[in-house]
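Architecture at a glance
The residues making up each chain are set out below.
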Amino acid sequence: MHLKLGDVRGGEVDPIRPTSRNADMSNNSNSHSTSPIEREGSVENETMTASAHGAHGAHSSAQPSPPIPQTAPLNVSKEQSPAVSNIVRKKLGGFVGFANLPNQVHRKSVRKGFSFTCMVVGESGLGKSTLVNTLFETSLYQPKTLPELGSELSSTVGIENISADIEENGVRLKLTVVDTPGFGDFINNDSSWDPIVTSIESRFDQYLEQENRVNRAKLNDNRVNACIYFIQPTGHSLRQVDIEFMRRLHTKVNLIPVIAKSDTLSEEEVDSFKRRILADIEYHKIEIFKAPAYEMEDDETIQENSEIESKIPFAIVGSTQTIQTGDGRSVRGRSYPWGVVEVDNEEHCDFTKLRQMMIRTHMEELKENTGILYENYRSEKMLAMGVQQDATVFKEVNPTAKAVEEKTLHDAKLSKMEAEMKLVFQQKVQEKEAKLRQSEEELYARHREMKESLEKQRGELDDKRRRLESGRPLTPERGGGGAQSTQKKSRGFLRS
Ligand SMILES: Nc1nc2c(ncn2[C@@H]2O[C@H](COP(=O)(O)OP(=O)(O)OP(=O)(O)O)[C@@H](O)[C@H]2O)c(=O)[nH]1
């Protein structure tokens, strides 16, 4: 689907031209009082105006750039702060061009286009499709046909994606709306949030899987950037299903609670309802999306953000119909016998504040925060899978201390190796000595044995010789032996 939006409404800024908050560098460079560079410079007593004037000069050829003061580089005492000693601040001698970086990013972003995924959750008939169509001023949702009487209704919560490429003043946005038909529509709504949690997690898983691929040139990001949760305009407080849903989802998605069809409540009722909702949210420690506050923000932005925050949860009215007011104006709104509720009138509802936060000022912030929620999910998943992170990887490293630490470790390793080698050597020597001792003993024993046997032989031979000399027989004759047996014996003796 490719849709083109109508003209931007009166009093709104052309988005292709940098707005006051998006293009601090290009627009504010003309104004010395608000340039972030100058502010930093004034705090640290530095004059870094070269870039600011340079940027101005690059864009406006009609007005010559004011002369850039040529001053010597700042002396930063290295002893004062070792953490920043490596950063030496220098003043520029002329226009370098990096002041133009925001414009480069701006042009590239416009060329690439943007994408945004928004989920809408709430019971049937609370005005989800009407609000999406009102927000983006387009008929993203076609008019629905009611199910025929007697036809079987789905018994589970569904997840439906509607995508459209919309364009406003040359800026393209791929908008995906994730609808959750069936949520809260059953008699028992226990676990009706399960399919929604599963869908959000599976989108994270898909992204994680793509990140782990070898080729990550093109990541298809369909993570949910914001979830508009529609609260029934009961005027009481949050229901159990609202609390349970938000408790389960707040760590996985940017939650934006809205009071649906707030035109059905009076102003006082809306105020007290909001207070009770906020008390419930705080009590149950539910984190809803709030515009983050940054230090360098200008007063206008701070004021804008606090106004937006004061309206949470947004009491909204949705309508795409243009109607005539009593004073002859054509407005988007809902007509009642007692008058007209104007969608774009801040006195009537908070629709404009919701749109301002979601689309005009904090869409990028929502996307950035989605990244943080994804990171939390990813690390939890990794830890659950047993992947451990070495905390020392992130500690700050002082090169000298690191070198000393490495040398100590190296020395310790060397002495450990030396001690081990000594031990092995000693063991080997002991083993060798024991072996030598053993073979020495064996040699002695054999020597002794041989000596004894030789002594014995010598004694016997001496005895024989004496017998032969004396003429006596070699062996004394024993009865019945005869000459043969004597011979045999003498042979046997001689052999031995
Ligand atoms: N009074 C009032 N009626 C509204 C508002 N927004 C929508 N409606 C009406 O409520 C009815 C249902 O609106 P839808 O936008 O279709 O509601 P839905 O939540 O998308 O409904 P499902 O598609 O069934 O989930 C329609 O008749 C709308 O005109 C509102 O802010 N105030």
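Since the model is a prediction, treat every value here as computed from it, not as a measurement.

1. A short note on the pattern of salt bridges
Going through the model one piece at a time under the given rule, you end up with 24 salt bridges. The closest approach of N and O atoms between Arg223 and Asp221, which form a salt bridge, is 2.8 Å. Relative accessible area serves as the criterion here: at 9%, Arg223 is assigned to the buried category. The residue Glu469 makes a salt bridge to Arg465 at a minimum N-O spacing of 3.9 Å. Of the two residues, Glu469 and Arg465 both sit in helix α12 (residues 399–470), four residues apart, roughly one turn of that helix. By sharing partners, the salt bridges in this structure join Glu137, Arg332, Asp344 and Arg355 into a single network.

2. Here's the deal with the environment of Ile231
Along the chain, the position of Ile231 falls in strand β5 (residues 226–231). Through-space distance from the C-alpha of Ile231 to that of Ile259 is 4.9 Å; in sequence the pair is 28 residues apart. Apart from the residues lying within four places of it in its own chain, the contact partners of Ile231 are Leu126, Leu238, Asp242, Pro257, Val258, Ile259, Ala260, Phe273 and Ile277.

3. Thoughts on the packing of helix α6 (residues 194–211) against helix α11 (residues 363–384)
The N-to-C vectors of α6 and α11 enclose an angle of 80°; their axes lie 10 Å apart at closest approach. In terms of orientation, α6 lies roughly perpendicular with respect to α11. Of the residues in α11, those in contact with Glu201, Phe204, Asp205, Tyr207, Leu208 and Glu211 of α6 are Thr370, Leu373, Tyr374, Tyr377, Arg378, Lys381 and Met382. A per-class count over the contact of α6 with α11 returns seven nonpolar, one polar and five charged.

4. Re the packing of aromatic side chains
To describe a pair of aromatic rings, one takes the distance between the centres and the angle between the planes. Under the criterion given, the structure shown has seven aromatic pairs. Ring geometry for Tyr229 versus Phe245: centroids 4.7 Å apart, planes at 15°, classification stacked. Highlighted residues: Tyr229 in strand β5 and Phe245 in helix α7 (residues 240–249), separated in sequence by 16 residues. Put simply, the rings of Phe204, Tyr207, Tyr374 and Tyr377 pair up and form one aromatic cluster. Above the ring of Tyr207, the side-chain terminus of Arg223 is found at 3.7 Å from the ring centroid.

5. Notes on α6
Over its 18 residues, α6 runs 26 Å from end to end, which matches the ideal 26 Å to within 8%, given 1.5 Å per residue. Here α6 has its buried residues at Ile196, Val197, Ser199, Ile200, Arg203, Phe204, Tyr207, Leu208, Gln210 and Glu211. In the core, the buried residues of α6 are packed alongside β2 (114–121), β3 (160–168), β4 (171–179), α7 and α11.

6. So, α12
Helix length check: α12, at 72 residues, gives a terminal C-alpha distance of 105 Å against a target of 106 Å (1.5 Å per residue), a fit within 8%. Positive phi shows up at Gly471, right after α12, with a value of about 75°.

7. A look at unusual backbone geometry
Between Ile312 and Pro313 the backbone carries a cis peptide bond, its omega angle lying at -5°. With respect to the helices and strands, Pro313 occurs in the loop between α9 (299–310) and β7 (314–315). The phi torsion at Lys261 lies on the positive side, around 45°, for a residue other than glycine. The residue Lys261 is located in the loop between β6 (255–259) and α8 (267–283) in this model. Its relative accessible area of 38% is what places Lys261 among the partly exposed residues. The residue Lys285 is not glycine, and still its phi comes out positive at about 50°. Along the chain, Lys285 turns up in the loop between α8 and α9. By relative accessible area, which is 67% here, Lys285 ends up exposed.

8. Quick look at the nonpolar core
Most often, soluble globular proteins have nonpolar side chains that are buried together. One finds Phe116, Ile228, Phe230, Phe245, Ile256, Phe314 and Met358 to be the most contacted residues of the largest nonpolar core, which totals 73 residues. Phe230 has contacts with Val120, Val121, Gly122, Leu126, Gly127, Lys128, Leu131, Val258, Ala260 and Ile316, leaving out every residue within four places of it along the chain.

9. Considering the sheet that holds strand β10 (residues 339–342)
Pairing between the strands of a sheet comes from backbone hydrogen bonds, and it takes one of two forms, parallel or antiparallel. Taken together, the three strands give an open sheet; going across it, the order is β8-β9-β10, and neighbouring strands pair in antiparallel fashion. Edge strands, defined here as strands with exactly one partner in the open sheet, are β8 (322–324) and β10. Across the sheet, the mean angle separating the axes of adjacent strands is 65° when strand polarity is ignored. By the bridge criterion, three bridges tie β8 to strand β9 (residues 330–336) in an arrangement that is antiparallel. Pairing of Thr322 across the sheet is with Arg332, part of β9.

10. Here we look at a nonpolar patch on the surface
On the surface, a cluster of nonpolar side chains totalling about 300 Å² of accessible area is made up of Val96, Phe98 and Leu101. Relative to the elements of secondary structure, Phe98 occurs in the loop between α3 (49–59) and α4 (101–112). When its relative accessible area of 45% is taken as the criterion, Phe98 is described as partly exposed.

Criteria and thresholds
- Residues numbered from 1 in each chain as written.
- Predicted model: local features only at pLDDT ≥ 70, side-chain atom pairs only at ≥ 80, totals over all residues.
- Heavy atoms only, no water.
- Salt bridge = Lys/Arg side-chain N within 4 Å of Asp/Glu carboxyl O.
- Buried < 20%, exposed > 50% of the residue type's maximum accessible area, 1.4 Å probe, protein only.
- Helix = DSSP H or I, 4+ residues; strand = E, 2+ residues; numbered from the N terminus.
- Contact = heavy atoms within 4.5 Å.
- Axes fitted to C-alpha atoms, helices over the stretch in contact; angles between N-to-C directions.
- Parallel < 35°, antiparallel > 145°, perpendicular 65-115°, else oblique.
- Nonpolar A, V, L, I, M, F, W, Y, C, P; charged D, E, K, R; others polar.
- Phe/Tyr/Trp six-rings, centres within 6.5 Å; stacked < 30°, edge-to-face > 60°.
- Lys NZ or Arg CZ within 6 Å of the ring centre and 35° of its normal.
- Expected span 1.5 Å × (residues − 1).
- Core = buried A, V, L, I, M, F, W, Y, C linked by side-chain atoms within 4.5 Å.
- Pairing = 2+ DSSP bridges.
- Patch = residues over 30% accessible without salt bridge, like charges linked within 9 Å, V, L, I, M, F, W, Y side chains within 5 Å.
- Areas by Shrake-Rupley, 256 points an atom, 1.4 Å probe, with all protein chains shown as cover.

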